[in-house]
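Architecture at a glance
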Amino acid sequence: MLSVKGLRANVGDKEILNGLDLEVGSGEIHAIMGPNGSGKSTFAHVLAGREGYEVTGGSVTFDGQDLLDLEPEERAHLGLFLAFQYPVELPGVNNTYFLKAALNAIRRSRGEPELDAVSFLRRMRERLKVLHLDDSLLKRPVNFGFSGGEKKRNEIFQMALLEPKLAILDETDSGLDIDALRIVADGVNALRSPERSMIVVTHYQRLLDYIEPDYVHVLARGRIIRSGGKDLALELEEKGYGWITGEEAAA
Amino acid sequence: MSGPTETGTALGFEGWLPSADTAPGLDWLESLRASARSRVRDQGVPTNKQEAWRYTSVKRLLEQGFVPAEDAITALQPEDIEDVLVPGLDTHRVVVVNGRYLPSLSSLGDLPSGVRIGGLRQILESDPDALRERLNGVAGEDQPLFAALNMAGLDDGLVVLMDRGASLERPIELIHLSVGMDEPRVAQPRHIVALEDGAQATLIERYVSLGESLYCTNSVLELSIGRDARLKHDRIQSESPNAFHITGLYLSLGQASRYQGVNVGLGGAWARNDLTVRFAGEHAECDLQGLYLAGNGQLMDYHLDVVHGIPHCSSRENFKGILYGKGRAVFDGRVYVAKDAQKTDAAMSNRNLILSEGAEVDAKPQLEINADDVKCSHGTTVGQIEPEMLFYLRSRGITAPVARRMLCLGFAGEILDLLSSDALREQVAEQVGQRLENAVLD
């Protein structure tokens, strides 16, 4: 579904991604772990098409299409979704209006009819419940004045509504207490399906206690230096990143 | 007196004065008008050496060679104005066409006792004494050029007189409709709204036009709000793209009175707004909100002069602008706090969103504080759409032009949400949306 080969990217003059390879198949969950500054968030943003990153080499194909050639909205239309580490506040932009615009833009791009107001509301209410979010959230401006936990839950709520093929969760656990983490993880797990893949970017192993990955990759200095099963995350938790990044440096 | 040599119009703005006097012959009124005429002559044509005209030239205005709109347009039928109504808005409606009150198009409905609504000329003829203290009562005689012109060339306008404690459930709606004539015309309506102590009302003032004609409206609005009285005031200027619009708003606030004004400027080629606020009693609150859009060929110019001459009053001035294409705006706001006006609470803000390289705004908020126990602030921002916001929307599948429009509407929403009725808010939001859709946002 997603094939990343030798991806290199700069921010300004600084090379952040340095030959990253990753293959994600349908329905798989891949965790990407790594110390601060290893390039995890850059990788997530490059996949979603954020400006300010210059891709200097390599390729990314998604469902056979050259992803790097597409605008951010076109990537979303193909079924890519990024859950932001820092969801952006949009003062004055009503949440319901925003969600409806997003869902209908994606449906239109797929040649599906737009949802009418009633079916849309019904669908929203169902998904809200899963994430223990209050109806009142829909009347507020997008993320505006939301607590940290509400923002993260709102990201997963949007994911539930937009039903992407590939979701990238960028440090979704950061800033969440254990109860909020569990709610977010339950929301994510409810969305697991053979047709939906996920890339879970995280610094800590604890999220992976709740969202169990099929594969774990360690990112350091802009590339994946070790891949394994979920046990690799536990090993990292125990020994720290120094164990593996130091090993690489020594090699 | 500076001569209008650059314009080829030897008379300058004196050409706006009516050739024959059509106003009722009242001695006191004659004296007001004579004094206004001499102020017009004394002031001459404004130049950019005057602080109030530093950023805005009147050259374009003068070049049009406007002549007074002397005759009332009586041929209009109610169906002709259907397009300019707000669907679902139930009001005491007064229609003024090219400066003249037209009873045939107005629908005042039942008015409770203590409330008079009518045309300025009508009341000058039937009960001139009711207006004797009111005309220039708030504006004063020491008026700047365009307000003096308005008095000297006095047409007609809306009069609302509310006795002590009177109140209206439904809003009063003033529709100022402009209809293009062969020759470019200037209409100079003067509106008088006076709320005695404890009176309460909502006023919706709408400046609209039929077609895209070229004309000028030079309006003056005198609002006097008595002790404990309340006025909500929405003002929507959505005139023809070729229109010239001038407003002088004069507001006087009595003790513990409250005023909330929402000014929306969408239309016109050249729009100058002078908003003047004076406090006449303690503990009064003035809330002035504004939203303006300016695209190609448009100038939106706002001058605020808020004088806190009395202690314990508060004022808010919050204006937002969206500029695109080669649109231009000026925000020149002054809040003055006199030496004795302790415990003044004033906050002025002007935020601008610039969508194109060719757009421009001159923002000059000023605080002049002469008292030592006050809470005053001011702030200005001029910025573009935040790239993070745009990316967030696009990452959800929303295309860039739609995302930009959503963000602009969100920016405007803070002001539009304050409009007094849902029906009006919907219409104005729709107009703003359309304007943004037509704007080149890419």
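Residues numbered from 1 in each chain as written. Chains lettered and ligands numbered in written order. Predicted model: local features only at pLDDT ≥ 70, side-chain atom pairs only at ≥ 80, totals over all residues.

1. Points about the overall build of chain B
When helices and strands are counted, chain B shows eight helices and 21 strands. Principal-axis analysis of the C-alpha atoms gives chain B an extent of 70 × 55 × 50 Å. Residues classed as buried in chain B amount to 52% of the 442 residues present. In chain B, the proportion of contacts linking residues at least 24 apart, taken out of those at least 6 apart, comes to 85%. (Helix = DSSP H or I, 4+ residues; strand = E, 2+ residues; numbered from the N terminus. Buried ≥ 20, exposed ≤ 12 C-beta atoms within 10 Å, placed from the backbone. Contact = placed C-beta atoms within 7 Å.)

2. Overview of the overall build of chain A
When helices and strands are counted, chain A shows nine helices and 10 strands. Over its C-alpha trace chain A gives a radius of gyration of 18 Å, about what one expects of a compact globule, namely 18 Å for 251 residues. Here chain A holds 251 residues, and 41% of them are scored as buried. (Rg over C-alpha atoms; globule rule 2.2 N^0.38 Å.)

3. Considering the interface of chain A and chain B
At the interface, 23 residues of chain A touch 18 residues of chain B. At the level of elements, α2 (72–78), α3 (95–109) and α5 (148–162) of chain A are the ones that each hand at least two residues to the side of chain A that touches chain B. The biggest single contributor to the side of chain A that touches chain B is α3 of chain A, with five residues. A breakdown of the residues in the side of chain A that touches chain B according to their chemical character gives 15 nonpolar, four polar and four charged. (Nonpolar A, V, L, I, M, F, W, Y, C, P; charged D, E, K, R; others polar.)

4. Quick word on the sheet that holds strand β21 (residues 375–383) of chain B
Residue and element names in this part refer to chain B. Strands sit in the order β3-β2-β6-β9-β11-β13-β15-β17-β19-β21 across an open sheet of 10 strands; the sheet is mixed. Of all the strands in the sheet, the pair left with one neighbour each is β3 (100–101) and β21. As defined by bridge partners, strand β19 (residues 345–354) adjoins β21 across nine bridges and the pair is classed as parallel. Among the inter-strand pairings, Ala 346 is bridged to a residue of β21, identified as Cys 376. The strands touched by helix α7 (residues 400–416) are β13 (258–265), β15 (285–294), β17 (314–323) and β19; relative to β17, the strand with the most contacts, the crossing angle is about 155 degrees. (Pairing = 2+ DSSP bridges. Axes fitted to C-alpha atoms, helices over the stretch in contact; angles between N-to-C directions.)

5. Some remarks on the packing of helix α6 (residues 387–394) of chain B against α7 of chain B
Residue and element names in this part refer to chain B. Orientation of α6 relative to α7, taken along the N-to-C sense of each, is 125 degrees, at an axis distance of 9 Å. Looking at the two axes, α6 sits oblique to α7. The interaxial crossing formed by α6 with α7 has right-handed handedness. Contact residues: α6 offers Met 389, Leu 390, Leu 393 and Arg 394, while α7 offers Ala 400, Ala 403, Arg 404, Met 406 and Leu 407. (Parallel < 35°, antiparallel > 145°, perpendicular 65-115°, else oblique. Left-handed = near helix turned anticlockwise from the far one by under 90°.)

6. Notes on the pairing of strand β9 (residues 215–220) of chain A
As a general feature of sheets, a regular strand has side chains that alternate between the two faces. All names here are of chain A. Across the six residues that make up β9, a large majority, five, are buried. Two elements, strand β3 (residues 29–33) and β9, share four bridges in a ladder whose sense is parallel. The residue of β9 that forms the bridge with His 30 is Tyr 215. Two elements, β9 and strand β10 (residues 223–228), share five bridges in a ladder whose sense is antiparallel. Its bridge partner lying in β10, Ala 220 is registered against Arg 223.

7. Regarding the sheet that holds strand β1 (residues 2–11) of chain A
Residues and elements named next belong to chain A. Sheet architecture is open: four strands sit in the order β2-β1-β4-β5, paired in antiparallel fashion. Edge positions in the sheet fall to β2 (14–24) and β5 (65–66), since each of these pairs with one other strand and no more. Two elements, β1 and strand β4 (residues 54–62), share seven bridges in a ladder whose sense is antiparallel. Among the inter-strand pairings, Val 4 is bridged to a residue of β4, identified as Val 60. Across the sheet, helix α1 (residues 40–48) lies against β1, β2 and β4, angled at about 70 degrees from β2, the strand it touches most.

8. Comments concerning α6 of chain B
Counting along an α-helix, one turn takes 3.6 residues, and residues three or four places apart therefore face a common direction. Here α6 of chain B lies mainly inside the structure; six of its eight residues are buried. All buried positions along α6 of chain B are accounted for by Met 389, Leu 390, Phe 391, Tyr 392, Leu 393 and Arg 394 of chain B. As for α6 of chain B, its buried residues are in contact with α2 of chain A together with α7 of chain B.

9. Quick word on helix α8 (residues 231–239) of chain A
Residue and element names in this part refer to chain A. Of the positions making up α8, those classed as buried are Leu 232, Ala 233 and Leu 236. Summarising the axial view, the buried residues of α8 lie within an arc of 100 degrees, below the 170-degree limit, and thus occupy one face. The exposed residues of α8 that point more than 90 degrees off its buried face are Asp 231 and Glu 238. Phi turns positive, to about 85 degrees, at Gly 240, one or two residues after α8. (Arc of directions from axis to C-beta.)

10. Describing the confidence of the model for chain B
Residues and elements named next belong to chain B. Averaged over every residue, the pLDDT of chain B is 93; the share at 70 or more is 96%. Low pLDDT, under 50, characterises residues 1–10; the predicted model gives this stretch 16 contacts beyond four residues in sequence or across chains. In the model output, the complex is listed with pTM 0.90 alongside ipTM 0.95. (pLDDT = per-residue confidence, 0-100.)

11. What about the environment of Val 361 of chain B?
Residues and elements named next belong to chain B. Its place among the elements puts Val 361 in strand β20 (residues 360–369). Judged by the 21 C-beta atoms lying within 10 Å of it, Val 361 falls in the buried class. Placed 31 residues apart in sequence, Val 361 and Val 330 show a C-alpha to C-alpha distance of 5.6 Å. Those residues in contact with Val 361 that sit more than four places away from it in its chain are Gly 321, Leu 323, Ala 329, Phe 331, Asn 352, Ile 354 and Val 382.

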